[in-house]
Amino acid sequence: MNALVPLPVLLPLCATGLSLAFGTRLAHFQRFISVAVLTAVLCLSVALMIVADREGPLSVHLGDFAPPLGVTLVADRLSGLMLTVSSAITLTVLVYSLGQGMADRDKETPVAVFHPAYLILVAGVSCTFLAGDLVNLYVGFEIMLVASFVLLTLGGTGPRIRAGSTYVIISLFSSMLFLTAIAMAYAAAGTANFAQLAIRLPELPLGVQTLLQAMLLTVFAIKAAVFPLAAWLPDSYPTAPAPVTAVFAGLLTKVGIYCMLRTETLLFPGNRLGDLLMAAALASMAVGILGAVAQTDLKRLISFTLISHIGYMVFGIGLATRDAYGGAIFYVAHHITVQTTLFLVAGLIERRGGTNELTRLGGLARAAPVLAVLFFVPAMNLAGIPPLSGFIGKLGLMRAGVAEGSVWAWILVVGSTVTSLLTLYVMAKVWNLAFWRTEPPGQTAYGTVLESADETDDDDVDPGPDRIFGTGDEPVGGTPLPAGQAVAASLHGRAVITTTRPPAAMTAATAGAVALGLAFTVLAGPLTAFTDRAADELVERSPYVEEVLGR
């Protein structure tokens, strides 16, 4: 089974070459390749998770070079779970994007951009979860960075270029800091391999250990958007297309959390910086949820809730107990699914209502009851309403905090409770404004918005063959739009193009994501037991080290 470990990385990379080779000439085959490869990666991830749970960690040394010379990939319970959840989410988002027709717009570019970039992103995420050394972890980060910039700026609009530039600048800074930390670790310990560092780092002076730990935590906190290193996120993610925003917010921030879990347990046991982590967790909860309360743009609001709920995961890492690690792992898996779902729903709301501005929305519960259900379930899950998985994850973290009993732990328990209540308030505000109240004046689009003025620059409008302009300021009135026919309409004085029905694939993919979130509730018992075993494996460290070094 060890031979399967590299495949979640290799398959998307090989598929990227095929996707580039076929390009737009065989667009249907290109889409088939993407869906087939991601389905295969999901199956492989499930297999690796099951085998790692039954038999222990799996490892492979590429080229048969032993550490510290070779590249080591390792699959244990934690990485297997993260691979499985991330593979399910990336496949769901891909189906959603195909329904939205994002890939179809690649015909305006020299090569089909979306599918290759998306597959490279999946390869980078898989590489990060399987990395057995700091250098390979850095490579995974850089693969994700290259693909992320392409996806964030897809379409080439001014706001997306600006947001992508901010994202790249922040990411390059964290990459330079990461390279510095890797060089220092290699200079001090003579290796970058996780298993060897786990043995050699305790022999170094305490000051050197603390400096390396602080540098790595800073790098991963930037990736995870932990306050005060999260200011870039609300301005970067909301400008991207809905599927890109969904996979970034739901998955890429959790890569940083995964790295914090891995390094804090394997390389720096002892919780030397636990109080600092819990302070950052409390600040993330407070700043994130207060920022969400102040927002009226749906995507920015959900982005701020993302920052606040990252605090729950950092809370578990800061406690550094078995129960806390188990609760944090469960909450990471839960939050990947729920946060992705909310952004997918936000995309559907924008297409149905023409905007993400809550003050301009209304009446969607009556006009689109299916969309209302698709929003309500993950919203309550995020707020932690019993018996949903959000409640189970938060309860596990709070119980771990009460059991730990320190002052910081009790402060975080209270902070977690207040944040959960404010999250419920924020979700209720979205429900009242977008769904429950009557339709506001000027809401004249009765269909699915295909193009919105929010996504274009007035200075750079280039009507392509898939855009219809000319009657943007003429209201449609109360006449429903013809089914399946693109028609220019007016929404609050802005030009939009609508159809009466959303693409079935978008609705089905979103419903699938909702169902996956509910599966965490139905399977909460087995999943909690699995995350507890994963936490035990992290704390023990010896199974990982022995598998890699053959001891």
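The structure this text deals with has already been given above.
Residues numbered from 1 in each chain as written. Predicted model: local features only at pLDDT ≥ 70, side-chain atom pairs only at ≥ 80, totals over all residues. Heavy atoms only, no water.

**Q** Whenever I open this one, the overall build of the chain confuses me. Can you help?
**A** Counting its secondary structure elements, the chain contains 20 helices and five strands. Residue burial in the chain is summarised as follows: out of 551 residues, 58% are buried. A separation of at least 24 residues holds for 79% of the contacts in the chain among residues at least 6 apart in sequence. Carbon together with sulfur atoms contributes 67% to the accessible area of the chain, which is approximately 19900 Å² in total. (Helix = DSSP H or I, 4+ residues; strand = E, 2+ residues; numbered from the N terminus. Buried < 20%, exposed > 50% of the residue type's maximum accessible area, 1.4 Å probe, protein only. Contact = heavy atoms within 4.5 Å. Areas by Shrake-Rupley, 256 points an atom, 1.4 Å probe, with all protein chains shown as cover.)

**Q** It is not clear to me how the side chain of Lys223 should be interpreted in this structure. Could you clarify?
**A** Take Lys223: it is sitting in helix α8 (residues 206-224). Despite its burial, Lys223 pairs with no opposite charge; the closest candidate is Glu142, at 5.4 Å N-O. Once residues lying within four places of it in the same chain are set aside, the contact partners of Lys223 are Phe141, Ser171, Ser174, Trp232, Leu252, Thr253 and Gly256. (Lys, Arg positive; Asp, Glu negative; His and termini not counted. Salt bridge = Lys/Arg side-chain N within 4 Å of Asp/Glu carboxyl O.)

**Q** What am I meant to see in the environment of Ala368 here?
**A** Among the structural elements, Ala368 can be located in the loop between α14 (364-367) and α15 (369-383). C-alpha separation for the pair Ala368 and Arg352, spaced 16 residues apart in sequence, amounts to 8.3 Å.

**Q** Would you mind showing me how to read the side chain of Asp53 here?
**A** Residue position: Asp53 is located in helix α2 (residues 27-55). Side-chain polar atoms of Asp53 contact the side chain of Arg533, separated by 2.9 Å. Asp53 has contacts with Arg77, Phe530 and Arg533, leaving out every residue within four places of it along the chain. (Polar contact = N/O pair within 3.5 Å; in protein donor to acceptor, adjacent residues only side chain to side chain.)

**Q** Please explain unusual backbone geometry as it appears in this structure.
**A** Generally, phi is negative for residues other than glycine and the peptide bonds are trans, each holding for most cases. Of note, the amide linkage connecting Phe227 to Pro228 takes the cis form, showing an omega dihedral of 10 degrees. Within the secondary structure, Pro228 sits in the loop between α8 and α9 (233-236). Cis geometry marks the peptide bond from Pro386 to Pro387, where omega comes out at 0 degrees. Positionally, Pro387 belongs in the loop between α15 and α16 (389-404).

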